[in-house]
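Letter by letter, the chains look like this.
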Amino acid sequence: IGKNRMVNLMQTYIYGKNARIEAENQTTIVKDGQIYYLNDKKKKYLVMKSGEMGAEEPKTGMPKEDEIYEKAGKEKFAGIMCDKYKVAVKDGNSSYYIYVDPSLKMIIGVKINSNGVESVTEISNIKIGVVDKNKFEIPKGYSKAAGIEEIYWIIPYLKNKLYKICSLRYNI
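Nothing here was measured: the structure is a model prediction, and the numbers come from that model. (Residues numbered from 1 in each chain as written. Predicted model: local features only at pLDDT ≥ 70, side-chain atom pairs only at ≥ 80, totals over all residues. Heavy atoms only, no water.)

With that settled, consider the side chain of Asn-39. Along the chain, Asn-39 turns up in strand E4 (residues 34-39). Engagement of the side chain of Asn-39 in a polar contact is seen with the backbone nitrogen of Lys-41, the distance being 3.1 Å. (Helix = DSSP H or I, 4+ residues; strand = E, 2+ residues; numbered from the N terminus. Polar contact = N/O pair within 3.5 Å; in protein donor to acceptor, adjacent residues only side chain to side chain.)

Shown next as structure tokens:
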């Protein structure tokens, strides 16, 4: 990755099309086509639709209308031999790679190279089990934020449509 390295540890819960990503002082919930940004320290939340003010629903690994998936062979990622896919956006200006663990049948990594800067997302410590549906609700005691200024540190995340619980390491 190089000398400029940043590591963010997150806990991710996924159930069907719902996802919850917990990071330091912030939680993101994706549910029913809405993205909920929670500031855990301030006990505030903001609701956005995908695309609104840069809000982006996490990648599902399922092709979207504006993406083309192409098998790019096999490659070791995080010590696991994975199926590698190139994902190109139809506008032709951007692409990235996803790494699928063939035994789990889920994405365990994403590599994005933008303007010479590589960003790597690695999913590890995967546990398969039942996820409490309350994980996808706004906790009691939270109030709606007046605007984005009350909710800081918004970054896009990765999810998978399978029932998974995992830790996510995001390197830049």
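There is more to say after this.
Our focus in this paragraph is unusual backbone geometry. One non-glycine residue with positive phi stands out, namely Lys-43, at about 60°. With respect to the helices and strands, Lys-43 occurs in the loop between E4 and strand E5 (44-49). With a relative accessible area of 40%, Lys-43 lands in the partly exposed category. (Buried < 20%, exposed > 50% of the residue type's maximum accessible area, 1.4 Å probe, protein only.)

With that out of the way, let us pick up the pattern of salt bridges. If you walk through the whole model with that rule in mind, you get 7 salt bridges. Arg-20 is the salt-bridge partner of Glu-22, the closest N and O atoms lying 2.7 Å from each other. Since its relative accessible area comes to 10%, Arg-20 is described here as buried. Of the charged contacts, one joins Glu-137 and Lys-31 as a salt bridge, the two residues approaching to 2.5 Å between their closest N and O atoms. Of the two residues, Glu-137 sits in the loop between strand E10 (117-127) and strand E11 (143-144) while Lys-31 sits in strand E3 (residues 26-31), which places them 106 residues apart along the sequence. Using a relative accessible area of 17% as the deciding quantity, one classes Lys-31 as buried. (Salt bridge = Lys/Arg side-chain N within 4 Å of Asp/Glu carboxyl O.)

So, about the packing of aromatic side chains. With the rule as written, the count across this model stands at 1 aromatic pair. The interplanar angle of 20° and the centroid separation of 4.7 Å between the aromatic rings of Phe-77 and Tyr-99 together place this pair among those described as stacked. Of this pair, Phe-77 sits in strand E6 (residues 67-77) while Tyr-99 sits in strand E8 (residues 95-101); the two residues are 22 residues apart in sequence, bridging distant segments of the chain. Its guanidinium or amino end placed over the ring of Tyr-97, Lys-84 lies 4.4 Å from that ring's centre, counting from NZ or CZ. (Phe/Tyr/Trp six-rings, centres within 6.5 Å; stacked < 30°, edge-to-face > 60°. Lys NZ or Arg CZ within 6 Å of the ring centre and 35° of its normal.)

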